[in-house]
Amino acid sequence: MPALLPGAATLGVLGGGQLGRMFVHAAQALGYRCIVLDPNAISPAGAVADKHVKADYLDSFGLAQMARDCDAITTEFENVPALALETLAGMRVVAPSGASVAVCQDRAVEKAHFEAAGVPCAPHAVISNDIELAAVDPSLLPGILKTSRMGYDGKGQLRVSTAAELAAAWAELKRVPCVLEQLLPLKAELSVLVARGADGQLVNYPVQQNLHRGGILAVTEVPARAIPADVQQQAVAAARQVAEALGYVGVLCIEFFWLDDTASARLPAGLGRLVVNEMAPRPHNSGHWTMNGASVSQFELQVRALAGLPLPEPRQHSASVMLNLLGDLWFADAGGPTSPAWDRVLALPGTHLHLYGKAEARHGRKMGHLNITAETPAAAHDVALQAAAVLGLPVDF
Ligand code: ADP
Ligand code: MG
């Protein structure tokens, strides 16, 4: 496949969210035209694309339009039906493949893939009927019951301590197929972003240290100050292994838990201190720092991988912290939604604001992110704490 050269091709995106918007920005900077398919009349990516096809992901007319007008097509959202990608793949370059996305859409399949790639994940059991429910090994309790499909930002998950709670939780989740995972003692969470080309070229960013609040990513720091070098090397090797084993094309984010071995009594036999949690077949919230802290952003790498262009080895040039900006920030004053004090935030050195163009702020809605870059990790961390204080965010990192 010859590369789709900048300035002479059109790239398509399934999904109109903020990840699609930042992909479109990166693609347009390289001179590509972009078309976004999204069912909503107004969307962050649709608003900046050269064209917005307003149709459902499985609408045959919408997909036909994408196939006709785009040279290559990607997705910004992992719950886009794999069938949509497979349909398009018959006609155009598609990355990642429907098969790769299908693995990421189902926690049980995803975990089987991790194990087959030789990367350990949390001890777990699949529950899709009463026999499997009754057969659950009690050593998995206390645990977290997660729906196999469609979960994100902590949604579709319940913590359970006993067999009775497990049965009740499964009923509450409407008895859809689930995975019960043993609750592990987490010391920290980390993620690794890799990008792989159709020719097998594979590059990665350094390890990202992530703090979640209420199941949603809140803070990412790179370098990962709290994670020992050997654990970081292990995570990078595991992420590359997972991408290779999938024959993946595009940007892939793999999330890991670093376990607390002081509580080793709770650590299942044979499990090391690093386990893989889940992966996302696309650029990821924890990689947003790359827009300002690295020689090439995760979105440009996604564009390059899709277009068949060379993938440069990313180089981190600045210590970085990313603060996620949720709609809650707009409700600091009782009077109703008001813009946070961006002027005061942007007075701090090395701050880079990215807002996604969402008209209405809502609690828990991802409105944007703030990147902080500095010469040293300590300086970036210090400015991030100041920015968090101005915004009224917790200063607990
Ligand atoms: P989501 O798809 O919603 O991001 P995750 O599986 O990543 O779901 O779980 C959300 C968060 O819940 C994780 O980031 C982690 O903080 C916590 N968590 C998930 N699984 C476990 C586990 N097995 N042990 C301990 N904490 C967990
Ligand atoms: Mg997660």
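Structure's up top.
The following paragraphs examine the structure supplied in this document. (Residues numbered from 1 in each chain as written. Chains lettered and ligands numbered in written order. Predicted model: local features only at pLDDT ≥ 70, side-chain atom pairs only at ≥ 80, totals over all residues. Heavy atoms only, no water.)

Right, let's talk about the environment of K54 for a bit. With respect to the helices and strands, the residue K54 is situated in the loop between β3 (51-53) and α2 (60-69). Owing to a relative accessible area of 53%, K54 belongs among the exposed residues under this scheme. Placed 42 residues apart in sequence, K54 and G12 show a C-alpha to C-alpha distance of 13 Å. For K54, the contacting residues outside a window of four places in its chain are D38, P39, N40 and A41. (Helix = DSSP H or I, 4+ residues; strand = E, 2+ residues; numbered from the N terminus. Buried < 20%, exposed > 50% of the residue type's maximum accessible area, 1.4 Å probe, protein only. Contact = heavy atoms within 4.5 Å.)

Before going further, it helps to spend a moment on the site of ligand 1. As a matter of local geometry, ligand 1 sits amid 18 residues, with K146, G154, Q157, E189 and N277 nearest to it. Backbone polar atom of D153 to an oxygen atom of ligand 1: 3.0 Å apart, as the coordinates give it. Between ligand 1 and the protein, one listed contact pairs an oxygen atom with a backbone N or O atom of G154 at 2.5 Å. Protein burial of ligand 1: of its 550 Å² of free accessible surface, 91% is covered by the chains. Put simply, the parts of the chain that give the shell around ligand 1 at least two residues each are β7 (143-147), β9 (178-182), β10 (186-196) and β15 (274-280). Here the shell around ligand 1 is composed, by residue class, of 6 nonpolar, 6 polar and 6 charged. (Near = heavy atom within 4 Å. Polar contact = N/O pair within 3.5 Å; in protein donor to acceptor, adjacent residues only side chain to side chain. Areas by Shrake-Rupley, 256 points an atom, 1.4 Å probe, with all protein chains shown as cover. Nonpolar A, V, L, I, M, F, W, Y, C, P; charged D, E, K, R; others polar.)

Before going further, it helps to spend a moment on the nonpolar core. L190, V192, V194, L252, I254, F256 and M279 are the most contacted members of the largest nonpolar core, which has 30 residues in total. Taken together, the elements giving at least two residues each to this core come down to α4 (98-105), β10, α8 (229-246), β14 (250-259) and β15. The element that contributes the greatest number of residues to this core is α8, accounting for 8 residues. Leave out the neighbours within four places in its chain, and L252 touches V192, L193, V194, V242, A243, M279, A280, P281 and R282. (Core = buried A, V, L, I, M, F, W, Y, C linked by side-chain atoms within 4.5 Å.)

Attention now goes to the sheet that holds strand β2 (residues 33-37). Spatial strand order, β3-β2-β1-β4-β5: 5 strands in an open sheet with parallel pairing. The sheet is open, and its two borders are formed by β3 and β5 (93-94), each paired with just one other strand. The pairing of strand β4 (residues 72-75) with β5 spans 2 bridges and is parallel. Following the sheet pairing, A72 is matched in β5 by V93. (Pairing = 2+ DSSP bridges.)

Another aspect to go through is empty space enclosed by the protein. Inspection of every chain in the model, using the stated rule, returns 1 cavity of 30 Å³ or more. Looking at the largest cavity, its volume works out to about 30 Å³. The wall of the largest cavity is formed by V13, L19, G20, F23, T74, T75, E76, P283 and Q302. Broken down by secondary-structure element, the contributors of at least two residues to the lining of the largest cavity are α1 (18-29) and β4. With 3 residues, α1 is the single largest residue contributor to the lining of the largest cavity. Classifying every residue of the lining of the largest cavity by side-chain character gives 4 nonpolar, 4 polar and 1 charged. (1 Å grid on protein atoms, 1.4 Å probe; cavity = no way out; pocket = protein on both sides within 12 Å on 5 of 7 lines; lining within 4 Å. Points joined across faces, edges and corners; volume = space filled by probe spheres on them.)

What follows deals with the pattern of salt bridges. Scanning all chains against the criterion turns up 14 salt bridges. In this structure, E181 and K146 form a salt bridge, with 2.8 Å as the shortest nitrogen-oxygen distance. With E181 in strand β9 and K146 in strand β7, this residue pair connects regions lying 35 residues apart in the sequence. For K146, a relative accessible area of 5% translates into the label buried. Counted as one network, the salt bridges with shared partners bring together K51, R68 and D69. (Salt bridge = Lys/Arg side-chain N within 4 Å of Asp/Glu carboxyl O.)

Time to look at the pairing of β9. In terms of burial, β9 is a largely internal element, 5 of the 5 residues being buried. Residues C178, L180 and Q182 point to one face of β9 and V179 and E181 to the other, with burial holding for every one of them. As paired elements, strand β6 (residues 124-127) and β9 share 4 bridges and run antiparallel to each other. Paired with V126 across the strands is V179, a residue of β9.

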